[in-house]
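An overview of the molecular structure
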Amino acid sequence: MSEINVVIDTEEIAEFFFNELLKRGHIPQAEDLLDIADITFEYLLKKNIIDEEFDAD
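Read on for an overview of the structure. (Residues numbered from 1 in each chain as written. Predicted model: local features only at pLDDT ≥ 70, side-chain atom pairs only at ≥ 80, totals over all residues. Heavy atoms only, no water.)

For the rest of this paragraph, the subject is helix H1 (residues 10–23). The end-to-end C-alpha separation of H1 is 20 Å, in line with the 20 Å expected for 14 residues at 1.5 Å each. Within the sequence span of H1, burial applies to Ile13, Ala14 and Glu20. Taken end-on, H1 shows its buried residues confined to a sector of 135°, consistent with a single buried face. Within H1, the exposed residues directed more than 90 degrees away from the buried face are Glu11, Glu12, Glu15 and Lys23. (Helix = DSSP H or I, 4+ residues; strand = E, 2+ residues; numbered from the N terminus. Expected span 1.5 Å × (residues − 1). Buried < 20%, exposed > 50% of the residue type's maximum accessible area, 1.4 Å probe, protein only. Arc of directions from axis to C-beta.)

It is at 8 Å that the axes of H1 and helix H2 (residues 30–46) come closest, and there the two elements cross at 120°. Relative to H2, the element H1 lies oblique. For H1 against H2, the interelement crossing comes out right-handed. Residues Thr10, Ile13, Ala14, Phe17, Phe18 and Leu21 of H1 form the contact with H2, whose own contacting residues are Leu33, Leu34, Ile36, Ala37, Asp38, Thr40 and Phe41. Residues of the contact of H1 with H2, tallied by class, amount to ten nonpolar, two polar and one charged. (Axes fitted to C-alpha atoms, helices over the stretch in contact; angles between N-to-C directions. Parallel < 35°, antiparallel > 145°, perpendicular 65-115°, else oblique. Left-handed = near helix turned anticlockwise from the far one by under 90°. Contact = heavy atoms within 4.5 Å. Nonpolar A, V, L, I, M, F, W, Y, C, P; charged D, E, K, R; others polar.)

Take the pattern of salt bridges next. It is possible for side chains bearing opposite charge to pair when their charged atoms get close. What the rule picks out here adds up to two salt bridges. For the salt bridge of glutamate 20 with lysine 23, the shortest nitrogen-to-oxygen distance reads 3.1 Å. In this pair, glutamate 20 and lysine 23 are both assigned in helix H1, three residues apart and thus about one turn of the helix distant. Across the pair glutamate 20 and arginine 24 runs a salt bridge whose closest N-O atoms are separated by 2.8 Å. Each of Glu20, Lys23 and Arg24 takes part in a single network of salt bridges with overlapping partners. (Salt bridge = Lys/Arg side-chain N within 4 Å of Asp/Glu carboxyl O.)

Further remarks concern the environment of valine 6. Along the chain, valine 6 falls in the segment before H1. Along the primary structure valine 6 and tyrosine 43 are separated by 37 residues, whereas in three dimensions their C-alpha atoms are 16 Å apart.

Once that is clear, we can look at the packing of aromatic side chains. Taken as a whole and assessed by the stated rule, the structure comprises one aromatic pair. Taking the centre distance of 6.0 Å and the plane angle of 75° together, the rings of phenylalanine 16 and phenylalanine 17 count as edge-to-face. When its relative accessible area of 26% is taken as the criterion, phenylalanine 17 is described as partly exposed. (Phe/Tyr/Trp six-rings, centres within 6.5 Å; stacked < 30°, edge-to-face > 60°.)

In structure tokens, the structure reads:
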């Protein structure tokens, strides 16, 4: 099986949830969306779907 690199951006996740919640009639708060994005990222890590890597910059 080959390995692929996927970049997960929590700000992009937050924007996705914002748009999806608006479609469903919710008006989310910005700080709540960032929490949801962080929780989603942590979930993906916990389920071993992704691995966290840090840039050497």
